[in-house]
Amino acid sequence: MDVPPPPDEESEISESEIDDYSQKPYLKLQTGHYKVKKVNGTLRCPFCSGKKKQDYKYKELMAHASGVSKGSVSRSAKQKANHLALAKYLETELAGSGHAEPLPRRPQLKETEPKPGEVYVWPWMGIVMNPLKETDDDKEVILDSGYWLKRLSRFKPVDVNVFLVQKDCVVAVVAEFNSDWSGFASATELEKEFEREGCSKKEWVEKRGDSESKAYGWCARAEDYNSEGPIGEYLSKEGKLRTVSDISQEKAEDRNSVLEELSSMIAMTNEDLNKVQYSYNETAMLLKRVKDQKKNLDEAYAEETKKMHQMSIRSIQKILEDKERLSNELEAKMLRLKNWSKELEKKETLTELERQKLDEEKKKNDAMNISLKLASHEQEKADQNVLRLLEEHKRQKDEAMGKILELKTQLDTKQTLEMEIQELKGKLQVMKHLGDVGTVSVSVNEVVDEEDEKLKKLKGEWGEEVHDAVKTALEEMDEYNPSGRYSTPELWNFEAGRKATLKEVISFISNDMKPVKRKRT
């Protein structure tokens, strides 16, 4: 039964303690406490049981263990120590088993074949000696390297060089083969074929000088490498003397070096992947935060729009209610005056003095009636101005709202959006400025302070005409009601643009008022 590693049952270790700590999991791997082999013949990492990849080949598991132990930034020091123990276990315990990646196949040597301790020329080379006869008419063909490359093609040489030796009586051919074990097999195969035909190096040495013209061949060794003449010079220039054991060891070292390089590349790739994953997570969090902020802004905007709409409705309702109340009061007063006038006319038993008093009262009532009519007229004008002001206020509010919506769709960040909305909200405050002018300061029962900050601001934003109108209104409010500063009905000379004098009022009444006819009994 596989026993998974305990989840951090000990305290975390430091990077400097990795080598020492790796001895514990290595011992458990040796005792079988942690399992590496699986039933189906594949390998597994006992320290990554929760990962998706569970089946490994020997080379893949070695690369995984080496990569985690050497450079994974996402793994703890304890995990690195565990994988270091796994890499050591794979190298020492499983390297010779069927799970390890096999070394390049080396040809099996028989007793009659060259021994591993023999010294060969490497890269592998074969030598062919072909004596020339005086009667040979094809010397130029025999001296052509292409001829020998074709003749020796079954041994798959990669290159062929031709020399004339022994006073130009012998053609010497050096055939170069691949530097791997397949090249060694080709070189030894060439040697064996010439041996079967009785044309080995031994026969060449023994029959040298015979008139028989046939080729002899063998695998180049140390004796040929150290010989004098063109062949020895070429072999010492192009090759080295090596034993089979030396070459096997070098191949194994090269393979281990490649494996370590690949492991390092895998570790670096894993580290890059971890960095990319971290960057992706950070970007995803930032995107989520931006979306949440956008959602909050949308909700705040909707709530603010709703509040402004409700405030506008309440303001309009209040204005309309006040207008209706004042109209009702005015009509009630006019009705009472009318009834009173009728009652006075019905009295027929009044004395002259009473009639005079009655006339005076009636004049007063008529004057009051006229004043009330004027006030009603002014009220109607004020109502019209209020309605126009409301319409203008609604239009400006709609324009501001439209601007807010346009800016909201164009802005990319929360800061810019908030700055633009605050700027537009500031412009909206201008619409409410008429409600703020009532707080302009006035000096001690009558001069408006020209240095008041709000009056200066009003003048700068709306011009001289609006400034003077507000100033005049404040002076009039202070004149008629300095304590409460609210509007008071006043008889007005519209032609002169000022308050009507008493003389002008009496003249107006005398011209327009019809004399009250006294009913006689």
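Our subject is the structure that appears above.
Residues numbered from 1 in each chain as written. Predicted model: local features only at pLDDT ≥ 70, side-chain atom pairs only at ≥ 80, totals over all residues. Heavy atoms only, no water.

**Student:** Would you explain the overall build of the protein in this entry?
**Tutor:** The secondary structure content of the protein amounts to 16 helices and eight strands. Summed over all atoms, the accessible surface of the protein reaches about 34900 Å², with 52% contributed by carbon and sulfur. (Helix = DSSP H or I, 4+ residues; strand = E, 2+ residues; numbered from the N terminus. Areas by Shrake-Rupley, 256 points an atom, 1.4 Å probe, with all protein chains shown as cover.)

**Student:** I would appreciate a short explanation of the nonpolar core in the present structure.
**Tutor:** Across soluble globular proteins, nonpolar side chains have a tendency to be buried as a group. The biggest cluster of nonpolar side chains holds 41 residues, and the ones touching the most others in it are Trp124, Met129 and Leu235. Sorting elements by how many residues they give to this core places strand β4 (residues 170–176) first, with six residues. Beyond its immediate chain neighbours, meaning those up to four positions away, tryptophan 124 contacts Ala175, Glu176, Phe177, Asn178, Ser179, Asp180, Trp181, Gly183, Phe184, Ala187 and Ile247. Membership of the second largest hydrophobic core comes to 20 residues, among which are Tyr58, Ala85, Leu86 and Leu90. (Core = buried A, V, L, I, M, F, W, Y, C linked by side-chain atoms within 4.5 Å. Buried < 20%, exposed > 50% of the residue type's maximum accessible area, 1.4 Å probe, protein only. Contact = heavy atoms within 4.5 Å.)

**Student:** How should the pattern of salt bridges be read in this particular structure?
**Tutor:** Close approach of charged atoms allows side chains with opposite charge to pair. This model, assessed by the stated rule, comprises 13 salt bridges. Between lysine 201 and glutamate 223 there is a salt bridge whose closest N-O contact spans 3.1 Å. Residue lysine 201 is located in helix α8 (residues 201–206), and its partner glutamate 223 is located in helix α9 (residues 222–225); the two are separated by 22 residues in the primary sequence. Residue class for glutamate 223 comes out exposed when judged on its relative accessible area of 59%. Taking the shortest distance from any N to any O, the salt bridge between glutamate 451 and lysine 456 comes out at 2.8 Å. Accessibility expressed as a relative area gives 41% for lysine 456, which makes it partly exposed. Look at the salt bridges and you will find they share partners, linking Lys318, Asp322, Arg325 and Glu329 into a network. (Salt bridge = Lys/Arg side-chain N within 4 Å of Asp/Glu carboxyl O.)

**Student:** Would you take a moment to explain the sheet that holds strand β5 (residues 216–219) for this structure?
**Tutor:** Strand pairing in a sheet takes place through backbone hydrogen bonds and is either antiparallel or parallel in direction. If you walk across this open sheet you meet the four strands as β3-β4-β2-β5, and the pairing is antiparallel. Every interior strand has two partners, whereas the edge strands, β3 (159–165) and β5, have only one. The sheet shows a mean angle of 20° between the axes of neighbouring strands, taken without regard to direction. In this sheet, β5 lies alongside strand β2 (residues 125–131) in antiparallel orientation, the contact comprising four bridges. (Pairing = 2+ DSSP bridges. Axes fitted to C-alpha atoms, helices over the stretch in contact; angles between N-to-C directions.)

Just distances and angles here, no functional claims.
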